[in-house]
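The chain contents come next:
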Amino acid sequence: MNQRIAVVTGANGGLGESMCIAMCQQGHRVVGGFLPTDEAGAHEWQRRMKSEGYEIALYPLDVTDYDHCCSFISTVEQELGPIDILINNAGITRDAPLKRMLPQQWQAVLRTNLDSMYNMCQPVFEAMCSRGFGRIVNISSLNGEQGQFGQANYSAAKAGIYGFTKAIAKEGASKGVTVNAVSPGFIDTPMVRQIPENVLNAIIAGVPVGRLGQPEEISRAVAFLTAEDAGYITGTNISVNGGAYMS
Ligand code: CAA
């Protein structure tokens, strides 16, 4: 098994943790990016991961800032080596019906969930292509596929990920670089637990599998797409949503 350097953005979040564990289990050297304003929490998380047997190198990373992403990537490459696997997982919600959605809510979600894709992929892409290997997985969402009440910002950003993914998949295809999306449905994470209880119960009632997903059910798809022998899968999306949206 080749040991690759795998970067996970939003590493210490609900899905990020599970992706870091999956990458460790694949034998990779795992690098997590964490929100710079949460340094203490991130390092506490890193210690917990270590106590569970998962060694994660951790660096501050503001995915909304292109220059910051460039310096994160060059630090990782200088200290650890070339990045072969990139999992763009960091994301936020700022839910409100459109009539009450403030410009700041729109901009924060677009910058974190969509600009971040460019900010992280652009600085690693050329080097992946010239080395002849790369695996990029962009985390979209069920709500980018179906649209969601109260999420015009989030649904727009997550839908934008599909176009971005397909475009750069074409650019990387002949160079050994695959680019795919994974679209989680409603997964048992702190983000989903913030949804008002009555709204969440109605959502779960509409999921054919009849429950929230588990983070491991998402990282399983990520591990599949980042495998050495997944080189013929590119420009696609894997929806992991309990049947909530069937395309
Ligand atoms: N479909 C249709 N109508 C809806 C609705 C829905 N899903 N949800 C609410 N409404 C209606 C309500 O019935 C209500 O109607 P009336 O005015 O006629 O009574 C009206 O919209 C206002 O609803 P609220 O009182 O709930 O309005 P609010 O301002 O208090 O809250 C909201 C609005 C913040 C959007 C809230 O409804 C909410 O949090 N919804 C959940 C949004 C959601 O699904 N977020 C997903 C987060 S997890 C995630 O994003 C991860 C992922 O990738 C899947």
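Residues numbered from 1 in each chain as written. Predicted model: local features only at pLDDT ≥ 70, side-chain atom pairs only at ≥ 80, totals over all residues. Heavy atoms only, no water.

Under an unreviewed UniProt entry, the protein has the name Acetoacetyl-CoA reductase and belongs to Amphritea atlantica. Its UniProt record gives the protein the following Sequence similarities (unreviewed entry) comment, quoted word for word: "Belongs to the short-chain dehydrogenases/reductases (SDR) family." (UniProt positions renumbered as here; feature names shortened; annotations may be inferred.)

Section: the UniProt feature "domain: Ketoreductase" (unreviewed entry) in the protein
Within this structure's numbering, the places UniProt gives as "domain: Ketoreductase" (unreviewed entry) are residues 4-185. For residues 4-185, the helix share is 52%, the strand share is 19%, and the end-to-end C-alpha distance is 28 Å. (Helix = DSSP H or I, 4+ residues; strand = E, 2+ residues; numbered from the N terminus.)

Things to note about the nonpolar core
In terms of nonpolar packing, the biggest core is built from 29 residues, with Met19, Met23, Ile56, Ile87, Val182 and Val222 touching the most fellow members. Listed by contribution, the elements that provide at least two residues to this core are β1 (5-9), α1 (14-25), β2 (29-34), α2 (39-51), β3 (56-60), β4 (85-88), β5 (134-139) and α9 (215-226). Ranked by residue count, the leading element in this core is α1, at six residues. Other than its neighbours up to four places away in sequence, Ile56 contacts Cys20, Cys24, Val30, Val31, Gly32, Trp45, Gln46 and Met49. (Core = buried A, V, L, I, M, F, W, Y, C linked by side-chain atoms within 4.5 Å. Buried < 20%, exposed > 50% of the residue type's maximum accessible area, 1.4 Å probe, protein only. Contact = heavy atoms within 4.5 Å.)

Topic: the packing of aromatic side chains
Enumeration according to the criterion identifies two aromatic pairs in this entry. Taking 6.0 Å as the distance between ring centres and 90 degrees as the angle between the ring planes, the aromatic pair formed by Tyr59 and Phe72 counts as edge-to-face. Separated by 13 residues along the polypeptide, Tyr59 in strand β3 and Phe72 in helix α3 (residues 66-79) bring together distant segments of the chain. Take Tyr59: its relative accessible area is 15%, and that puts it in the buried class. Look at Tyr66 and Tyr118: their rings are 5.5 Å apart centre to centre, the planes differ by 25 degrees, and that puts the pair in the stacked class. Of this pair, Tyr66 sits in helix α3 while Tyr118 sits in helix α4 (residues 103-131), and the two are 52 residues apart along the sequence. Owing to a relative accessible area of 29%, Tyr66 belongs among the partly exposed residues under this scheme. (Phe/Tyr/Trp six-rings, centres within 6.5 Å; stacked < 30°, edge-to-face > 60°.)

Quick word on the site of the ligand
Around the ligand lies a shell of 19 residues, among which Asp95, Arg100, Ser141, Gln148 and Tyr154 are the nearest. Taking Ser141, its side chain carries an N or O atom lying 2.6 Å from an oxygen atom of the ligand. The fraction of the free accessible surface of the ligand (1,100 Å²) that becomes covered by protein chains is 56%. Tallied by class, the residues present in the shell around the ligand amount to 10 nonpolar, seven polar and two charged. (Near = heavy atom within 4 Å. Polar contact = N/O pair within 3.5 Å; in protein donor to acceptor, adjacent residues only side chain to side chain. Areas by Shrake-Rupley, 256 points an atom, 1.4 Å probe, with all protein chains shown as cover. Nonpolar A, V, L, I, M, F, W, Y, C, P; charged D, E, K, R; others polar.)

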